[in-house]
Each structure stands twice: as C-alpha cells, then as structure tokens.
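Each chain, letter by letter, is given below.
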Amino acid sequence: MLTRRSLLTAGFGLALAAAALAPAAAQSRFITVSSTTSTTDSGLFEHLLPAFKARTGIEVRVVSQGTGQALDTGRRGDADVVFVHARAQEAQFVEEGFGVERKPVMYNDFVLIGPKADPAGIRGTKDIAAALQAIQARGAPFVSRGDKSGTHAAELNLWKAAGITIEQARGPWYREIGQGMGAALNTAAAMNAYVLADRATWLNFRNRGELEIVVEGDGRLFNQYGVILVNPAKHPHVKKADGQAFIDWLTGPEGQKTIADYRINGEQLFFPNAGRPGA
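Residues numbered from 1 in each chain as written. Predicted model: local features only at pLDDT ≥ 70, side-chain atom pairs only at ≥ 80, totals over all residues. Heavy atoms only, no water.

**Topic: the pattern of salt bridges**
Right, so step 1: Throughout the structure, instances matching the rule amount to 15 salt bridges.
Right, so step 2: Note that Arg199 and Glu216 form a salt bridge whose closest N and O atoms lie 2.8 Å from each other. Of this pair, Arg199 sits in helix α10 (residues 199-204) while Glu216 sits in the loop between β8 (211-215) and β9 (222-230), placing them 17 residues apart in sequence.
Right, so step 3: Salt-bridge contacts for Asp218 lead to Arg220; the nearest nitrogen and oxygen are separated by 2.8 Å.
Right, so step 4: Each of Asp72, Arg75 and Glu96 takes part in one network of salt bridges that share partners. (Salt bridge = Lys/Arg side-chain N within 4 Å of Asp/Glu carboxyl O. Helix = DSSP H or I, 4+ residues; strand = E, 2+ residues; numbered from the N terminus.)

Okay, structure coming up:
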C-alpha cells in the first residue's frame, strides 16, 4: 500500500532524476561544423561561436581540417555543416548531392610569405605569377601544405597561372608537409622558406622568426569562403534545423557584423559578403 511518505519519497527521487537529466539535455544541443584550418588558426571561431551560442543556445563543435578533408567529412555524414574556401570543390559537393545549397559568407586574401633575406628577389611585387617563377628559377625554398586544402588548391592554381607544372618542376627546394596552415608557417619559419598563407592566419601567427609578407595585392590572391548544410536526404541524422540556424545566423546581419568586428591590432581579418550575388 502506498503511503504519503512513500509517495513523497518517490516524488523526490523523480525530481532528483529530472534535475540530473536536465543539464545533460541542455548540453546535448550541438552541431558539428567541418571547417578549414584557417578559420581556427586565425582565431575567428573563438570570436564567432560564443556569440552564436549566446543567441541560440546551440554549441558548435568544430572539426578543423583542410578544405578537401572537411568536404570528405561532410560526404561521410560526420558533420552537419561545412564551412570552407574552395569554390570549385564546394560546387562539386553540392552537385553530387552531399550539400543542400552553398552560401557565400566572407572573403579575405592570400599573401606570399617569405624570409627577410628574400633570396628570390621578389619583395614588393604585386605579380604573384612572376614571384613564383622567380622562386622556381632560383630554387629558393618553398613550403607547400600539400593537404588538399583550399589554400593548397589555390597554390596549385597559382603555379599553373605562372606557367609552371609543379609536379614536374619541383625539386629539393619544394617541400610538401601534408599539414595545416599553422604547421606550414612554422615549417617556413624554421627553414626561412616562402609559403602561401591566408592573411588572417598570418596576422594571428606569433612564431614569425625572419618571415614577412613579400607579395600581396594581386587579384588572383582573392580568397572566398562558403557555407553548406550537409544534405539530410543523404544522411538522415544531420541536424537540419540547428545546422540551418547556424547558416542563417552566419549569413544574417548579426553574424556578418560579428565577422566584420573581428580584428587583430586594429586590422580586420575577414570581410563579410553574404549578400553579394555570385560570391
């Protein structure tokens, strides 16, 4: 027979159980975003994601990889959203049915970093093709990410623009490391080598050694970022509503302002352009 005391005890036990489960339930609302290393190495996510969580209560867990790997993570359904910077690869991802829609988010630019001694003699030029031709001709040390990232894809396209088939022209001077932007910059600093970097990661990089920007300002160094919801038709476990909430915030007025507000030493690192057609 149930007594008043047993009912109270049972009720108290249920209340404790509910209280124990409530924090777990509150903490369980999260999405996984597969993104390029530059958004992490630049410090952007540390600035951006707390603002999104404060607005929505949704935590963002970032898998930081090169763009090619980040898109492959989306293809496997191991992410809800991909946020990367290689337009052709992004388009292919959507065309193959792995992504719902690509939306532009922001841009910055690439810069060619090199040693202050500048053995290739290219400091100050705005012609990236001529700069790469000089590096190859003189066998000056060059570090390539070699990781199928957006930056690696951009580097390979720039060698082509310079009329150089890097697979044939490479020699001991050309070192592929198969790692992210931070590691590539560290390797270049240790070797006093040239390296292509996104400007945002460079500005946030502290182990510069004898490195500095030697080439910038060429229109071919433009660097656009896009965001894509992984297709729930391919992977039904994708968190469609919360993933879309992140995309809408990122490309909406508050997210775009938060991106624009991120600065290092007063210098803006990314420039929002979600509203620009064709970006």
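Text resumes after the structure shown.
**Digging into the domain arrangement of the protein chain**
Right, so step 1: As assigned here, the protein chain comprises domain 1 (30-108 + 224-272) and domain 2 (109-221).
Right, so step 2: Each of domain 1 and domain 2 has a C-alpha centre, and these two points are 26 Å apart.
Right, so step 3: Here domain 1 meets domain 2 over a buried area of about 1,300 Å², counting both sides, of which 52% is carbon and sulfur.
Right, so step 4: Contact with domain 2 buries area across many residues of domain 1, yet Asp41, His85 and Asn108 alone supply 35% of it, more than any other trio.
Right, so step 5: On inspection of domain 1 and its partner domain 2, the count reaches zero salt bridges.
Right, so step 6: Looking at side-chain class alone, the side of domain 1 that touches domain 2 contains six nonpolar, eleven polar and two charged residues. (Domains from an automatic or database assignment. Buried area = accessible area lost by both parts, 1.4 Å probe. Nonpolar A, V, L, I, M, F, W, Y, C, P; charged D, E, K, R; others polar.)

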